[in-house]
Amino acid sequence: MKQRILIMCMAVVLLNHFAVAQEETDRTQKFDKQAFQAKRNAYITIEAGLTADEAAAFIPLDNELKQKQYNAGRECRKRNRECRTGKEPLSDEACLKLIDCNIETRIREAQLEKEYYEKFKRILPPLKLYKYQQADFRFMREFMRDGERRPGTENEHPKPGRGKERK
């Protein structure tokens with residue numbers, strides 16, 4: 001019972017943080033990584049049904065994984081951006097280098113995911129680990145579909161529970 005109250009209090013605090021961060025994001029139209037991460041963590045905690053102890057052990061590790069995956073693709077994203085904004089058409093050699101870079105990045109991200117999956121198994125029971133994977137996928141799908149990062153769009157946030165009704 002105490003764990004549920006603690007989780008609910010944590011969710012309320014995080015949701016309040018989202019509201020404040022949303023106001024700031026609306027004003028600046030810049031991506032707020034901390035607000036995004038807090039929102040994602042709260043969503044996963046609720047959707048996967050993590051206890052306070054599980055969340056305390058799991059969420060920092062999950063954040064560490066996401067940061068390492070982001071860093072693994074940083075150089076490749078930079079190259080892609082430079083090629084998209086360049087005035088010259090891409091040579092065959094440049095295209096092949098970009099494709100290789102993208103594939104190597106995905107391989108490295110998958111290796112990290114496998115490495116951290118072994119750590120996750122020590123913290124969460126299989127059902128909660130499965131629910132985490134599903135929640136992570138749903139959160140990102142909702143985030144991208146709602147245009148969270150695109151200025152001039154409604155910045156709705158994924159809400160715990162099933163996905164949005166299709167129009």
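Computed from a predicted model, the values in this text were never measured in an experiment.

Rules of the game
Residues numbered from 1 in each chain as written. Predicted model: local features only at pLDDT ≥ 70, side-chain atom pairs only at ≥ 80, totals over all residues. Heavy atoms only, no water. Helix = DSSP H or I, 4+ residues; strand = E, 2+ residues; numbered from the N terminus. Buried < 20%, exposed > 50% of the residue type's maximum accessible area, 1.4 Å probe, protein only. Contact = heavy atoms within 4.5 Å. Areas by Shrake-Rupley, 256 points an atom, 1.4 Å probe, with all protein chains shown as cover. Expected span 1.5 Å × (residues − 1). Bend = angle between axes of the 7 residues up to and from the residue. Salt bridge = Lys/Arg side-chain N within 4 Å of Asp/Glu carboxyl O.

Asker: Can you help me understand the overall build of the protein in this one?
Answerer: For the protein, the helix and strand inventory stands at 6 helices and 0 strands. When its helices and strands are written in sequence order, the protein yields α-α-α-α-α-α. Counting only residues that meet the buried cut, the protein has 33% of its 167 residues in that class. Sequence separation of 24 or more characterises 62% of the internal contacts of the protein that already satisfy a separation of 6 or more. When the accessible surface of the protein is summed, it comes to about 11800 Å², and 56% of that surface belongs to carbon and sulfur atoms.

Asker: Would you mind showing me how to read helix α3 (residues 52-72) here?
Answerer: Within an α-helix, residues lying three or four positions from one another point in the same direction, as the helix has 3.6 residues per turn. Relative to the 30 Å expected for 21 residues at 1.5 Å per residue, α3 spans 30 Å between its end C-alpha atoms, a close match to the ideal helical length. Largest kink in α3: about 25 degrees, centred on F58, with the proline P60 one to four residues after it. Within α3, the full set of buried residues consists of A52, E54, A55, F58, I59, L61, D62, N63, L65 and Q69.

Asker: Can you walk me through the side chain of N41 in this structure?
Answerer: As for its placement among the helices and strands, N41 is situated in helix α2 (residues 33-48). N41 has contacts with I59 and N63, leaving out every residue within four places of it along the chain.

Asker: Could you clarify how one ought to interpret the pattern of salt bridges in this entry?
Answerer: Opposite charge on two side chains makes pairing possible when the charged atoms of those side chains draw close. Going through the model one piece at a time under the given rule, you end up with 11 salt bridges. Residue K128 is joined to E54 by a salt bridge in which the shortest nitrogen-to-oxygen separation is 2.7 Å. With K128 in helix α6 (residues 126-145) and E54 in helix α3, the pair connects residues that are 74 residues apart, well separated along the chain. Residue classification places E54 among the buried residues on the basis of a relative accessible area of 14%. For E142, the salt bridge goes to R145, with nearest N and O atoms at 2.6 Å. Remark: R145 and E142 occur in helix α6; sequence separation between them is 3 residues, near one turn of the helix. Take E142: its relative accessible area is 5%, and that puts it in the buried class. Looking at R145, the relative accessible area reads 40%, which means it is partly exposed. Residues joined by salt bridges that share partners form a network here, namely R40, D62, K66 and D136.

None of the figures reported here should be taken as evidence of function without further support.
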